[in-house]
Amino acid sequence: MKALRILSRNIRDSFKSVFRNFSLSLASISCITITLIVVAISIVLSYNVNNFAELVEKDVTIVVFLDVDISPEEKDDVEDLIRKIDEVDSYTYQSKADIAKEMMDSSEVFKNIMESWDDESSPLQPTFQVKVRNIDQIGKVAKQIKKLEHVSTVKYGEGMVEQLVSVFEVVKKISIGMVIALIIVTAFLIANTIKITIFSRKREIEIMRLVGASNINIKIPFVFEGLILGVLGAIIPIIITTYGYTALYNNFDGQLFSPFIQLIKPEPFIFYVSGVLLIIGILVGMFGSWRAVRKYLKI
């Protein structure tokens, strides 16, 4: 009970201190707010770039062209072998009739040419459209399929896909690196701002030491004060992230510039980002206060 009373007293004193030194507290809160807004924008951009890269990677398909005169039994044999390849995630089969119908639906010219074709006379090749679990293994899987009997040709955008994957990997690493770097810079900015706030109250700390307060009793109120500043500074960035990103998503129907660039759905994404912002604000606020007050407690 005694520990609980001490804790509640420290929290109460911290709230009083925030409002008693309101101008200095406002400077710290403003610094936290501005930097967390920048962090929020960076996180949102980074995650959406990574999401776009993953969607493109998932959409890459190996098109397997079978022999024109392949029999149903031979087609089943090829399907069994494709299914057994470890890296194959899923596949779909298109018969000659399916391909012809798709082409005829897309053009009147194709319809006039193909409507008299049957399975025997059609020069089209039935296909399997194969997706892999790991885009890095697409070349390896394509080579394995190409060696199968009754497989005529395998196409997946050789060369271009590998270049695209390497570009996306670089973009992912850069975006993650930028977010981490920005969070570190933010931590230093906020810590230094809080340090200035604590510096202006060094006389208060010296008086507390003179009356016999222990180091831990002096530190705790300032650490809680940093926590409060972190929470208050994170409120506006969280509101902007929650309502701003939701409005952006709704106004653009979940896509940016074209249906090819899909945005991440707001829920639960905005809650994850908000949680990250709150945690950064709290940790940096507490660390900044603890580090600043420690300087004045050294003997």
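Residues numbered from 1 in each chain as written. Predicted model: local features only at pLDDT ≥ 70, side-chain atom pairs only at ≥ 80, totals over all residues. Heavy atoms only, no water.

Draft legend 1. Just the packing of aromatic side chains, in detail. Across all of its chains, the model carries four aromatic pairs by this definition. When the centroid spacing of 5.9 Å and the interplanar angle of 80 degrees are considered together, the rings of Tyr 91 and Phe 128 count as edge-to-face. Note that Tyr 91 is positioned in strand S2 (residues 88-94) and Phe 128 in strand S3 (residues 127-132), a separation of 37 residues in sequence. Judged by relative accessible area, Tyr 91 falls into the partly exposed class, the value being 23%. When its relative accessible area of 0% is taken as the criterion, Phe 128 is described as buried. Through successive ring pairs, a cluster of aromatic residues spans Tyr 47, Tyr 245 and Phe 269. (Phe/Tyr/Trp six-rings, centres within 6.5 Å; stacked < 30°, edge-to-face > 60°. Helix = DSSP H or I, 4+ residues; strand = E, 2+ residues; numbered from the N terminus. Buried < 20%, exposed > 50% of the residue type's maximum accessible area, 1.4 Å probe, protein only.)

Draft legend 2. Seen up close, the nonpolar core. The biggest cluster of nonpolar side chains holds 21 residues, and the ones touching the most others in it are Ile 62, Val 64, Val 78, Ile 82, Val 130, Ile 145 and Val 151. The element contributing the most residues to this core is helix H6 (residues 138-146), with four residues. With sequence-adjacent residues up to four places away left out, Val 151 is seen in contact with Val 64, Phe 65, Leu 66, Asp 67, Val 78, Ile 145 and Lys 146. Within the second largest apolar cluster, 20 residues are counted, among which are Val 44, Tyr 249, Leu 263 and Phe 269. (Core = buried A, V, L, I, M, F, W, Y, C linked by side-chain atoms within 4.5 Å. Contact = heavy atoms within 4.5 Å.)

Draft legend 3. Region of the structure containing the pattern of salt bridges. One pass over the structure, following the stated rule, counts four salt bridges. The partner of Asp 76 in a salt bridge is Lys 75, and the shortest N-O contact between them spans 3.6 Å. You can call Asp 76 partly exposed: its relative accessible area is 37%. On the basis of relative accessible area, Lys 75 is assigned to the buried category, the value being 15%. Its salt-bridge partner being Asp 80, residue Arg 83 comes within 2.8 Å of it at the nearest N-O pair. Here Arg 83 pairs with Asp 80, and both are found in helix H3 (residues 72-84), just three residues apart, close to one helical turn. Overall, the relative accessible area of 45% leaves Arg 83 in the partly exposed class. Residue Asp 80 is classed as partly exposed on the basis of its relative accessible area, which comes to 31%. Overlapping salt bridges bring together Lys 75, Asp 76, Glu 79, Asp 80 and Arg 83 as one network. (Salt bridge = Lys/Arg side-chain N within 4 Å of Asp/Glu carboxyl O.)

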